[in-house]
Amino acid sequence: MSLQDFAGQTIIVTGAGSGIGRVTALRLAERGAHVIVADISDSAEDVVKEITDAGGQASAAVGDISDQQVVDDVVAQAVDTGGRLGLVNNAGIMDKFDGAAETEDAVWERCLRINLTAPFLLTRAVLPHMRKAGVGAIVNTGSAASLRGAAAGAAYTASKHGLAGLTRNTAYTYSRENIRCNLVAPGGVDTNIMTTSAAVNEGDIDPSHGLAAITPVHESALRTAEPEEIAAIIVFLLSDTASDVNGVLLPVDGGWVAG
Ligand SMILES: NC(=O)c1ccc[n+]([C@@H]2O[C@H](COP(=O)([O-])OP(=O)(O)OC[C@H]3O[C@@H](n4cnc5c(N)ncnc54)[C@H](O)[C@@H]3O)[C@@H](O)[C@H]2O)c1
């Protein structure tokens, strides 16, 4: 059996209705996982259809993943599905690329709630099941803004740095229980985060900012990645191929944070 075979596993992927999460869900299902496609948008249903039409297994969970009740329901759905549990904390929103002086309370709170508190709530909810099973893997979608100060605004940067801390603490705390937790840190990726997804979250970003607003990407001639390139690394970190990789913050950015 391949170490990247997910047969017998149920993997929750948040933000799987679009972008990086959608492709991650498709690739995990191709490798035999039952994917819980969790998203605040109905697009989760479309991704489930894409997976099942291709012969894979998936079910949708539509709701705001920063809500404790939704988290409890999603984890119960995954546990009822059965098998070894995995988690990809991927749902996220942008801020308005403002520094602290210009950041509104609402933007700060929504960004922290969705990008950091939601992964915490889900991590807390899945851990008892993983500990009982004696195995588990979690991958968090961070950002270059997990590692640098110049990749986004204050709220997004703080949320993604916080996610790096949650990743390392979870990795260290449960390492002796065969539970791993890692973070991918993408640079610019061609997804809907600046456009349609922002609208779902009541305009967290002015779409006119566009990807080019992320100055370092714009200035350095680094290309924008495809969601596929990030999903491949998420799948790798979640898989048994990465059985001794724990607590890593892995840039997948074409060299942006190296500069
Ligand atoms: N696109 C980039 O350039 C880039 C760069 C670095 C990191 N990231 C990170 O990648 C992750 C995925 O984003 P993407 O670029 O694929 O964007 P995307 O907007 O295409 O997908 C994000 C999905 O998350 C969902 N979502 C948002 N809030 C939610 C909530 N409260 N509950 C449930 N679902 C919710 C959206 O509906 C959307 O389907 C995010 O965490 C983002 O911060 C993206």
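Residues numbered from 1 in each chain as written. Predicted model: local features only at pLDDT ≥ 70, side-chain atom pairs only at ≥ 80, totals over all residues. Heavy atoms only, no water.

(A) Representation of the nonpolar core. Membership of the largest hydrophobic core comes to 29 residues, with the highest contact counts inside it found for I11, L28, V35, V37, I51, I230 and L238. Elements represented by at least two residues in this core include exactly β1 (9-14), α1 (19-30), β2 (34-39), α2 (43-53), β5 (136-141) and α8 (227-238). If sequence neighbours within four positions are ignored, I11 has contacts with F6, L28, A33, H34, V35, I36, G86, L87, V88 and L238. (Core = buried A, V, L, I, M, F, W, Y, C linked by side-chain atoms within 4.5 Å. Buried < 20%, exposed > 50% of the residue type's maximum accessible area, 1.4 Å probe, protein only. Helix = DSSP H or I, 4+ residues; strand = E, 2+ residues; numbered from the N terminus. Contact = heavy atoms within 4.5 Å.)

(B) Focus on the pairing of β2. In terms of burial, β2 is a largely internal element, 6 of the 6 residues being buried. The alternating pattern of β2 places H34, I36 and A38 and V35, V37 and D39 on opposite faces, both of which are buried. After leaving β1, the chain enters α1 and then returns to the sheet as β2, a path that is right-handed. Summarising the sheet, β2 and strand β3 (residues 57-62) pair through 6 bridges and their orientation is parallel. Residue pairing across strands places A38 opposite A61, the latter belonging to β3. Running through α2, the crossover from β2 to the neighbouring parallel element β3 is right-handed. (Right-handed = clockwise from strand over helix to strand, strands pointing away. Pairing = 2+ DSSP bridges.)

(C) Quick look at the sheet that holds β1. Strands sit in the order β3-β2-β1-β4-β5-β6-β7 across an open sheet of 7 strands; the sheet is parallel. A single partner strand is all that each edge strand has here, and the edge strands are β3 and β7 (249-252). The mean angle between the axes of side-by-side strands here comes to 20°, regardless of whether they run parallel or antiparallel. Of the pairings in the sheet, the one linking β1 to strand β4 (residues 84-89) comprises 5 bridges and is parallel in character. Paired with I11 across the strands is G86, a residue of β4. Sheet contacts for helix α5 (residues 154-173): β5, β6 (179-186) and β7; angle to β6, the most-contacted strand, approximately 155°. (Axes fitted to C-alpha atoms, helices over the stretch in contact; angles between N-to-C directions.)

(D) Here's a closer look at unusual backbone geometry. Phi at F97 is positive, roughly 60°, even though this residue is not glycine. Position of F97 relative to the elements: it lies in the loop between β4 and α4 (105-133). On the basis of relative accessible area, F97 is assigned to the buried category, the value being 19%. With a phi close to 65°, N178 is a non-glycine residue in the positive phi region. Checked against the element boundaries, N178 lands in the loop between α5 and β6.

(E) Representation of the pairing of β5 within the structure. Of all 6 residues that make up β5, 6 are buried, and the element is covered over most of its length. Along β5, one buried face is formed by G136, I138 and N140 and the opposite face, lined by A137, V139 and T141, is buried too. Direction of pairing for β4 relative to β5: parallel, over a ladder of 4 bridges. Paired with V88 across the bridge in β5 is V139. Handedness of the crossover joining β4 and β5 through α4 is recorded here as right-handed. Here β5 runs beside β6; their pairing, made up of 6 bridges, is parallel. By the bridge assignment for β6, V139 is matched with N182.

(F) Molecular detail of the packing of helix α3 (residues 68-81) against α4. Put simply, α3 and α4 touch, their axes get as near as 9 Å, and they point 30° apart. Here α3 runs over α4; the crossing is right-handed. In this structure, α3 uses Q68, V71, V75 and V79 to contact α4, whose residues at the interface are L121, L122, R124, A125, V126 and H129. Residue classes in the contact of α3 with α4 are distributed as 7 nonpolar, 2 polar and 1 charged. (Left-handed = near helix turned anticlockwise from the far one by under 90°. Nonpolar A, V, L, I, M, F, W, Y, C, P; charged D, E, K, R; others polar.)

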